[in-house]
Number of protein chains: 2
Amino acid sequence: MAKEKKLVEAITPMDKDFAQWYTDVVTKAELISYSNVRGCMIIRPRGYAIWENIQKQLDARFKETGVDNVYLPMLIPESLLQKEKDHVEGFAPEVAWVTHGGEEKLSERLCIRPTSETLFCDHVKDIVHSYRDLPVVYNQWCSVLRWEKTTRPFLRSSEFLWQEGHTFHATAEEAKERTEQMLNVYADFCENVLAIPLVKGKKTDKEKFAGAEATYTIEALMHDCKALQSGTSHNFGNGFAKAFGIEYTNKENKLSPVYETSWGMSTRIIGAIIMVHGDDSGLVLPPRIAPVQTMIIPIQQKKEGVLDKAFEIRDMLKSNFSVKVDDSDKSPGWKFSEQEIQGIPTRIEIGPKDIEKGQAVIVRRDTREKIVTPIEKIEETLAEVLETMQNDMYNKAKAHLEKNTHIAHNWEEFNDILENQQGFIRAMWCGERECEEAIKDENGATTRCIPFVQAKHSDVCVHCGKPAKCEVYFGKAY
Amino acid sequence: MAKEKKLVEAITPMDKDFAQWYTDVVTKAELISYSNVRGCMIIRPRGYAIWENIQKQLDARFKETGVDNVYLPMLIPESLLQKEKDHVEGFAPEVAWVTHGGEEKLSERLCIRPTSETLFCDHVKDIVHSYRDLPVVYNQWCSVLRWEKTTRPFLRSSEFLWQEGHTFHATAEEAKERTEQMLNVYADFCENVLAIPLVKGKKTDKEKFAGAEATYTIEALMHDCKALQSGTSHNFGNGFAKAFGIEYTNKENKLSPVYETSWGMSTRIIGAIIMVHGDDSGLVLPPRIAPVQTMIIPIQQKKEGVLDKAFEIRDMLKSNFSVKVDDSDKSPGWKFSEQEIQGIPTRIEIGPKDIEKGQAVIVRRDTREKIVTPIEKIEETLAEVLETMQNDMYNKAKAHLEKNTHIAHNWEEFNDILENQQGFIRAMWCGERECEEAIKDENGATTRCIPFVQAKHSDVCVHCGKPAKCEVYFGKAY
């Protein structure tokens, strides 16, 4: 009963209140539940199944590039966190401190990891001695905690799940290559699996990771034209290595510092999936990441043969697709709504009339298009429908990204776009941090990235008029 | 160089110093590394790959029984931990307390989860309203933390990885069935995948989980004849449900409490694999859990055609086995030692003479038996060798368990066995907690379990002489 009540409360339309639409989708699709722990969410089965699929596919891609998974402690002694100056400044204000173990007060405070660069450096110092021990290419799947003031499910929560890769190399070139390689792994995964088009580039010094020499990023554009940083890859050079004293004997028998990278993608990406593909009926999951790809919904299921046929179709499909039958005692209309709210990419409707004709009806979640298929060809048809849907979803999101990417030649245009059209603003920039901060103060736009593929729109900075150093993507962001 | 130095230091023989042997194996097989965080270990690639295989296979078994994975917060507010009296008494002394978030002192302390019954209850109270919402069959893979005084890699560390299942049912019968079902999942996994024979039974009231009505356990016997609790499944009845006020409307429209279970297996089981199967040359991994099942080691690899043949064999095997080629510039003897220390179940030796004869040599890690096989039949032969090895390892461990399980008819026999033979001691017991504690105080033996299959050895308790209530397995334990 309670469940039925919840479902009929309509999802707030996006146009009316985007933030409320988002909250309605994450809760009504049962992806998360709020917890009584400040800033921490509960990831429910439907949400966690998406994360499991992300893990599985991303992990396979990591392993293809030679990544080994490991597990390091969740606690970091305060003295260890403090070893790299920029890093501690960036993270110390937002960590949770453990001060007592059982009844005993600790002699040194321990923080719950906000990220694990310091622990990885401390470990690698012990295991790397010679060039033969390099490269070290590690990753860990874990949860981290940052004491956030305002939180939103998936987008910003105190605790979140992620993977953090940490690699150590003999040369600066190799570290740079790995940083780029992993950004490309993320980009490829987002575009091909999540159907999310991206802008790839480098963060400005202001926006880069605490302690990094360079941070690369992939930026996606949400329905509301705000940007979401979706994955980052950092090149540390040998800064951390020097702070932690990690040295190795090179082939010439000389001591050299190592070069380090780190890269991460988190449950935040689920927020991107929701805000890039969702609609006013709920979640829309790209077929390649959907935990259930098709829900078979019997029509007049009490009539003889209907349920049997539904399960027969399930058995035809189950080796190649993730498929379920909804044989609950709810009405078909109710089941349709649930399948739509939950973002299951397709449903298969099968009733007595269909059975008579030897057919079934596949309905796409994104377009509601109905595809009638002979039952004996259902495997083939469903494969085609899912493939087409995956591509269509990407193309639709790509069109949205392109439509909402504007060039600003001057400050007036910049403000005009920000006020009336939003989205990404491509503009020239002087490269000065003060100017970047002034822009943010004036209208809330931040630098999203310095795109790898540069264009030139003017000779001077869009804001201060000084000579331009590079093109930048600006935007409002989550 | 440093690595080579490490390898030649021999592993301490088991008979000389079992504890040192264990430490040597976990460090020299590079399963773990010690960290600078009190009581926490670093799980290195070779150790973590074992855990990944455990996760993968156990998770598939869970899902077959209808389990959904979820993720709940890692922090528990103090007030929530205190809701169930026995539970807080059991865990409060061994938790780590977070008292500060960033610069701010928290109004309420939060502990890092030592286990998550309280969080699951708090969540389930929100999502279960009607009998239609039951059962709830959840599991989470995560790390937990217990502030341990003395720690040992895998066996007892402050932080460890595990899975914790939490289920909620409409009836006491259903909860009991689920408790038993999950114990059987663990037992089947240990016996069939890890080749570890077990004793299954119920914990005494003294040894059961804090807050449980009944705890079921699987107990394994290590090489040194000490027992290791390898997995537990708890039936909470409706105790927690009452403490947390979880009620549902049953089919007769009446409010009823729910019945709860929880069950867990942790990285501790890796300690069991080591101590059940390892030998003086290092780790021995059962084929079904080994991250690498066979290492191809070329002999005279610089001779033309040898490496090519090694990779050709790798390609023949890679679709059905986890296989690697060691083409490093170390000597074959050195590679053999590494493969043995690391417990890789088989190696395949292939040299110029073998190639001439169209054959390769498979060497079993456990028995060192050499099996010569025609190369064109290598897939078939390797499959047979691994299957035989898996069974032999189980049978060997089973023989060890049986040989070291003794019946004590009286207190003299009991002490005699404990002093001279060790292992499991089957004896009658009065069922009194005081008597159980007295036994432990006298000679360090604890009750391991009340076996499901009961035998009768006497009418009276082996220790106090009062009328016997049941047969118990006693032993010294990790």
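In this text the structure is predicted, and so the values were computed from the model without any measurement. Residue numbers here run from 1 along each chain, matching the order of that chain's written sequence. Chain A is the first chain written and ligand 1 is the first ligand written, with later ones labelled in order. Selection of residues for local features in this predicted model requires a pLDDT of at least 70, selection of side-chain atom pairs for listing and counting requires 80 or more, and totals for whole chains, interfaces and linings are taken over all residues. As a rule here, side-chain values cover all heavy atoms of the structure and leave hydrogens and water aside.

Enquirer: What is the right way to read the overall build of chain A from this model?
Expert: Counting its secondary structure elements, chain A contains 15 helices and 23 strands. Radius of gyration: over C-alpha atoms. The globule rule applied is 2.2 Å multiplied by the number of residues raised to the 0.38 power. Since a compact globule built from 478 residues should have a radius of gyration of about 23 Å, the 25 Å found for chain A is in line with a globular shape. Buried positions account for 60% of the 478 residues belonging to chain A. Contacts were defined at the residue level, with two residues in contact if any of their heavy atoms lie within 4.5 Å. The contacts in chain A between residues at least 6 apart in sequence include a share of 69% that link residues at least 24 apart. Working convention for charge: Lys and Arg count positive, Asp and Glu count negative, and His plus the chain ends are omitted. A charged residue contributes its charge at one atom only: NZ of Lys, CZ of Arg, CG of Asp or CD of Glu. With 62 positive and 74 negative side-chain charges, chain A shows a spacing of 2 Å between the two charge centroids. Numbering of helices and strands runs from the N terminus; a helix is a DSSP stretch of H or I covering at least four residues, while a strand is a stretch of E covering at least two. Summary of the burial criterion: residues with accessible area below 20% of their type's maximum are buried, those above 50% are exposed, and those between are partly exposed, where the area comes from a 1.4 Å probe applied to protein chains only.

Enquirer: Looking at this structure, I do not really get the domain arrangement of chain A. What am I missing?
Expert: Frequently, the measure chosen for interface size is the accessible area that the parts lose on association. Residue and element names in this part refer to chain A. Considered domain by domain, chain A is made up of domain 1 (2-277), domain 2 (294-400) and domain 3 (406-475). Where a domain begins and ends is set by an automatic assignment or by a domain database. Between domain 1 and domain 2, the C-alpha centre-to-centre distance is 36 Å. Contacts between the two partners involve 20 residues from domain 1, matched on the other side by 11 residues from domain 2. Overall, the association of domain 1 and domain 2 removes approximately 1,400 Å² of surface from exposure, summing both partners, and the carbon and sulfur fraction of that is 70%. By definition, the buried area sums, over both parts, the 1.4 Å-probe accessible area that each loses when the two are put together.

Enquirer: I'm lost on the interface of chain B and chain A in this one. Help?
Expert: In this assembly, 58 residues from chain B lie in contact with 58 residues from chain A. Summing the contributions of chain B and of chain A, the shared interface buries around 4,700 Å²; its carbon and sulfur component is 59%. Just to be clear on terms, a salt bridge is a Lys or Arg side-chain nitrogen sitting within 4 Å of an Asp or Glu carboxyl oxygen. In this structure, the connection of chain B to chain A is made through 2 salt bridges. Where Glu52(B) meets Lys63(A), a salt bridge forms, and the shortest distance between an N and an O atom there is 3.1 Å. When residues in the side of chain B that touches chain A are grouped by element, the largest group, 6 residues, is from strand E5 (residues 96-101) of chain B. Residue polarity follows a fixed list, in which Ala, Val, Leu, Ile, Met, Phe, Trp, Tyr, Cys and Pro are nonpolar, Asp, Glu, Lys and Arg are charged, and the others, Gly among them, are polar. For the side of chain B that touches chain A, the residue count by class is 31 nonpolar, 11 polar and 16 charged. At least two bridges found by DSSP between two strands is the condition for calling them paired. Note: strand E5 (residues 96-101) of chain A against E5(B), 5 bridges, orientation antiparallel. Paired with Ala96(A) across the two strands is Gly101(B), which belongs to E5(B).

Enquirer: Can you walk me through the confidence of the model for chain A in this structure?
Expert: Detail in the predicted coordinates should be disregarded across regions flagged by low pLDDT. pLDDT: the predictor's confidence for each residue, scored from 0 to 100. Within chain A, residue pLDDT values average 95, and 98% of them lie at 70 or more. The model gives residues 1-5 of chain A a pLDDT under 50, and that stretch makes 5 contacts with residues more than four places away or in other chains.

Enquirer: Which parts of the structure should I look at to understand helix H14 (residues 411-420) of chain A?
Expert: Every α-helical turn comprises 3.6 residues, leaving residues that sit three or four positions apart pointing alike. Residue and element names in this part refer to chain A. All buried positions along H14 are accounted for by Trp-411, Phe-414, Ile-417 and Leu-418. Relative to the axis of H14, the buried residues are bounded by an arc of 125° and lie together on one face. For H14, exposure combined with an orientation more than 90 degrees from the buried face picks out Glu-412, Glu-419 and Asn-420. Against strand E20 (405-407), strand E21 (424-429), helix H15 (433-443) and strand E23 (470-475) lie the buried residues of H14. Distance and chemistry together define a polar contact, namely a pair of N or O atoms within 3.5 Å, with one atom able to donate a hydrogen and the other to accept it when in protein, and with adjacent residues in sequence counting only for side-chain atoms on both sides. Near the N-terminus of H14, the side chain that reaches the backbone nitrogen of Glu-412, with its oxygen 3.2 Å away, is that of Asn-410. Note: the arc covers the axis-to-C-beta directions of the helix.

Enquirer: Help me understand the packing of aromatic side chains, please; the structure alone is not making it clear to me.
Expert: We describe a pair of aromatic rings using the distance from one ring centre to the other and the angle between the two ring planes. Residue and element names in this part refer to chain B. Note on ring pairs: Phe, Tyr and Trp rings are taken, using the six-membered ring of Trp, and paired if centres are within 6.5 Å. Classes follow the plane angle, with under 30 degrees stacked, over 60 edge-to-face and the rest tilted. Scanning the entire structure with this criterion turns up 28 aromatic pairs over all chains. Between the aromatic rings of Phe-62 and Tyr-186, the centroid separation amounts to 6.3 Å while the plane-to-plane angle is 75°, which identifies the pairing as edge-to-face. Here Phe-62 is found in helix H3 (residues 45-64), whereas its partner Tyr-186 is found in helix H7 (residues 172-192), with 124 residues between them in sequence. Across the pair, Tyr-186 and Phe-62 agree in class, each one buried. Ring geometry for Phe-209 against Phe-236: centres 5.8 Å apart, planes inclined by 75°, an arrangement best described as edge-to-face.

Enquirer: Looking at this model, I keep getting lost on the UniProt feature "domain: Aminoacyl-transfer RNA synthetases class-II family profile" (unreviewed entry) in chain A. Mind explaining?
Expert: UniProt positions are given in the numbering used here, feature names are shortened, and annotations may be inferred rather than shown by experiment. Listed under "domain: Aminoacyl-transfer RNA synthetases class-II family profile" (unreviewed entry) in the UniProt record, and renumbered for this structure, are residues 47-286 of chain A. A distance of 14 Å separates the end C-alpha atoms of residues 47-286 of chain A, which is 32% helix and 32% strand.

Enquirer: So what exactly am I meant to see when it comes to the pairing of strand E9 (residues 199-202) of chain B here?
Expert: On any regular strand, side chains alternate: one points to one face of the sheet, the next to the other face. Residues and elements named next belong to chain B. Of the two faces of E9, only the one carrying Val-199 and Gly-201 is buried; Lys-200 and Lys-202 on the other face are not. Looking at chain direction, E9 and strand E10 (residues 214-221) are connected through 4 bridges and run antiparallel. The residue of E10 that forms the bridge with Lys-202 is Tyr-216. Direction of pairing for E9 relative to strand E22 (residues 446-451): antiparallel, over a ladder of 2 bridges. Across the sheet, Lys-202 pairs through a bridge with Ile-450, a residue of E22.

Enquirer: Even after reading the chapter, I still don't get the relation of the copies chain B and chain A, so can you show me in this structure?
Expert: We place the copies in one frame by least squares, fitting the C-alpha atoms of every residue whose pLDDT is at least 70 in both. Superposition of chain B onto chain A requires a rotation of 180° combined with a translation of 0.0 Å along the rotation axis, giving an RMSD of 0.0 Å. Such a combination of rotation and displacement between the chain copies is what one expects of a two-fold axis. Judged by C-alpha distance, Val98(B) is the residue of chain B that lies nearest the rotation axis, at 2.1 Å. Here 100% of the contact residues of chain B are again contact residues in chain A; the copies associate through an equivalent surface.

Enquirer: I'm lost on the environment of Ile218(B) in this one. Help?
Expert: Tracing the chain through its elements places Ile218(B) in strand E10. Sequence-distant contacts of Ile218(B), that is, excluding residues within four places in its chain, are made with Leu183(B), Tyr186(B), Ala187(B), Cys190(B), Leu198(B), Val199(B), Lys200(B), Leu228(B), Gln229(B), Ser230(B), Gly231(B) and Met265(B).

Enquirer: How should I be thinking about the sheet that holds E5(A) in this particular structure?
Expert: Sheets are built from strands that pair by backbone hydrogen bonding, the pairs being arranged parallel or antiparallel. Taken together, the 6 strands give an open sheet; going across it, the order is E4(A)-E6(A)-E5(A)-E5(B)-E6(B)-E4(B), and neighbouring strands pair in antiparallel fashion. Edge positions in the open sheet fall to strand E4 (75-77) of chain A together with strand E4 (75-77) of chain B, since each of these has one partner strand only. Neighbour-to-neighbour, the strand axes of this sheet turn through a mean angle of 45°, independent of strand direction. Strand direction decides the pairing type here: E4(A) and strand E6 (residues 104-112) of chain A, joined by 3 bridges, are antiparallel. When the bridges of E6(A) are listed, Pro77(A) appears paired with Leu110(A). Each axis is a line fitted through C-alpha atoms, and for a helix only the stretch in contact is used; angles between axes span 0 to 180 degrees, taken between their N-to-C directions.

Enquirer: Could you clarify how one ought to interpret the sheet that holds strand E16 (residues 323-325) of chain B in this entry?
Expert: Residues and elements named next belong to chain B. Pairing in this open sheet of 5 strands is mixed, and the strands run E16-E15-E17-E18-E19 from one edge to the other. The two strands at the open ends of the sheet, each matched to only one other strand, are E16 and strand E19 (370-374). Strand-to-strand twist across the sheet, computed as the mean angle between neighbouring axes with direction ignored, equals 25°. Sheet topology places strand E17 (residues 346-350) next to strand E18 (residues 359-364); 4 bridges connect them, and they run antiparallel. Paired with Ile-348 across the bridge in E18 is Ile-362.

Enquirer: What am I meant to see in the packing of H3(B) against helix H9 (residues 268-277) of chain B here?
Expert: To describe two helices that pack against each other, one gives the angle between their axes and the distance between the axes. Residue and element names in this part refer to chain B. Taken N-terminus to C-terminus, the directions of H3 and H9 make an angle of 110°; their axes are 10 Å apart at the nearest point. The angle between H3 and H9 falls in the class roughly perpendicular. Side by side, H3 and H9 meet where Gly-47, Ile-50, Trp-51 and Ile-54 of the first sit next to Ile-269, Ile-270 and Ile-273 of the second. Along the lines of polarity and charge, the residues of the contact of H3 with H9 split into 6 nonpolar, 1 polar and no charged. Each angle receives one of four descriptions, namely roughly parallel if under 35 degrees, roughly antiparallel if over 145, roughly perpendicular if within 65 to 115, and oblique otherwise.

Enquirer: Explanation requested: the pairing of strand E15 (residues 294-298) of chain B in the structure shown.
Expert: Residues and elements named next belong to chain B. Of all 5 residues in E15, 5 are buried, a share of seventy percent or more. Along E15, one buried face is formed by Thr-294, Ile-296 and Pro-298 and the opposite face, lined by Met-295 and Ile-297, is buried too. Two elements, E15 and E16, share 3 bridges in a ladder whose sense is parallel. Bridged to Ile-296 within E16 is Val-325. By the criterion used throughout, a crossover qualifies as right-handed when its path from the first strand across the helix to the second strand runs clockwise, the strands pointing away from the viewer. What joins E15 to E16 is helix H10 (residues 306-317), and the crossover it makes is right-handed. Relative to E17, E15 runs parallel, the two sharing 5 bridges. From the neighbouring strand, Pro-298 faces E17, where its bridge partner is Ile-350.

Enquirer: Just checking my understanding: could you explain helix H6 (residues 117-127) of chain A for this structure?
Expert: For H6(A), the buried fraction is high: 9 of the 11 residues fall into the buried class. Within H6(A), the full set of buried residues consists of Glu117(A), Thr118(A), Leu119(A), Phe120(A), Cys121(A), Asp122(A), His123(A), Val124(A) and Ile127(A).

Enquirer: Could you clarify how one ought to interpret the side chain of Asp122(B) in this entry?
Expert: Mapping Asp122(B) onto the fold places it in helix H6 (residues 117-127). No salt bridge is formed by the buried Asp122(B). Its closest oppositely charged neighbour is Lys83(B), at 5.2 Å. If we ignore the near neighbours within four places in the chain, the residues touching Asp122(B) are Asn36(A), Leu80(B) and Phe244(B).

Enquirer: Sorry if this is basic, but what is going on with the environment of Phe474(B) here?
Expert: All names here are of chain B. Looking at the element boundaries, Phe-474 is found in strand E23 (residues 470-475). The exposure class assigned to Phe-474 is buried, which follows from its relative accessible area of 0%. Contact partners of Phe-474, with chain neighbours within four places excluded, come to Phe-414, Gly-423, Phe-424, Ile-425, Ala-427, Trp-429, Ile-439, Thr-446, Thr-447 and Arg-448.

Enquirer: Can you walk me through unusual backbone geometry in this structure?
Expert: Peptide bonds are trans in most cases, and residues, glycine excluded, mostly fall at negative phi. Note that the residue after Leu134(A), namely Pro135(A), is joined by a cis bond; omega there is -10°. Even without being glycine, Asn253(A) reaches a positive phi, approximately 65°. Of note, Asn253(A) is situated in the loop between strand E12 (247-249) and strand E13 (255-257). Under the relative-accessibility criterion, Asn253(A) is labelled exposed at 63%. One non-glycine residue with positive phi stands out, namely Gln422(B), at about 60°. If you trace the backbone, Gln422(B) turns up in the loop between helix H14 (411-420) and strand E21 (424-429).

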